[in-house]
Amino acid sequence: QVQLVESGGGLVQPGGSLRLSCAASGTIFSIYTMGWYRQALGKQRELVATITRGGNTNYADSSKGRFTISRDNAKNTVSLQMSSLKPNDTDVYYCNAVARTRVGVPARDYWGQGTQVTVSS
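Right, let's walk through the structure included here. Note that the structure is predicted; figures quoted are calculated from it, not measured.

### Details of the pattern of salt bridges
The full count for this structure, using the stated rule, is five salt bridges. Salt-bridge contacts for Glu46 lead to Arg38; the nearest nitrogen and oxygen are separated by 3.9 Å. Note on Glu46: relative accessible area 41%, which makes it partly exposed. Residue Arg38 is classed as buried on the basis of its relative accessible area of 8%. Among the salt bridges present, the one from Asp61 reaches Lys64, with a minimum N-O distance of 3.2 Å. Residue class for Asp61 comes out exposed when judged on its relative accessible area of 64%. Shared partners join several salt bridges into a network, and the residues in it are Arg38, Glu46, Arg66, Asp89 and Asp91.

The following block contains the structure:
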């Protein structure tokens, strides 16, 4: 199994910045795409940003120009630098990794427990 542990959420004022981090551990053969998703109560989880092992990134339109995703393949970590935060960025943010635990086992999605981001004055 792969465990994902997030950190860095909290309360920030509008216009402020926050950095989320996520570390993967456990039985890891290879991690492919890593990313961040957000979810409000009663709503579907939606993309914030993803990054491939090779560094190719994909951002939701609402994230472009304000958020930057990065990863360290050697440390199995992914980070999300968020700036110019707005009240509607408030949500629970989840770390995701598409990973394989050993040869011959299909890659699957793993999720962190979520970290609350609140943007409010």
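### Focus on the state of the cysteines
Linking two cysteines covalently via their sulfur atoms produces the bond known as a disulfide. Summed over all chains, the structure comprises one disulfide. Bridging Cys22 to Cys95, the disulfide has an S-S length of 2.1 Å. Taking the torsion about the sulfur-sulfur bond, which here is approximately -80°, the covalent link between Cys22 and Cys95 counts as left-handed. Of this pair, Cys22 sits in strand 3 (residues 18-26) while Cys95 sits in strand 9 (residues 91-100); the two residues are 73 residues apart in sequence, bridging distant segments of the chain. Assigned by exposure class, Cys22 and Cys95 land together as buried.

### Comments concerning the nonpolar core
Judged by nonpolar contacts, the single largest core of 27 residues is most densely connected at Leu4, Trp36, Ile69, Val78, Leu80 and Met82. Elements with a minimum of two residues in this core: strand 1 (2-7), strand 3, strand 4 (30-39), strand 5 (46-51), strand 7 (67-72), strand 8 (77-82), strand 9 and strand 11 (115-119). If we skip the residues at most four places from it in the chain, Met82 touches Gly16, Ser17, Leu18, Leu20, Arg66, Phe67, Tyr93 and Val117.

Cut-off values and rules
- Residues numbered from 1 in each chain as written.
- Predicted model: local features only at pLDDT ≥ 70, side-chain atom pairs only at ≥ 80, totals over all residues.
- Heavy atoms only, no water.
- Salt bridge = Lys/Arg side-chain N within 4 Å of Asp/Glu carboxyl O.
- Buried < 20%, exposed > 50% of the residue type's maximum accessible area, 1.4 Å probe, protein only.
- Disulfide = S-S within 2.5 Å.
- Helix = DSSP H or I, 4+ residues; strand = E, 2+ residues; numbered from the N terminus.
- Core = buried A, V, L, I, M, F, W, Y, C linked by side-chain atoms within 4.5 Å.
- Contact = heavy atoms within 4.5 Å.

Don't take any of this as a statement about function, it's just geometry.
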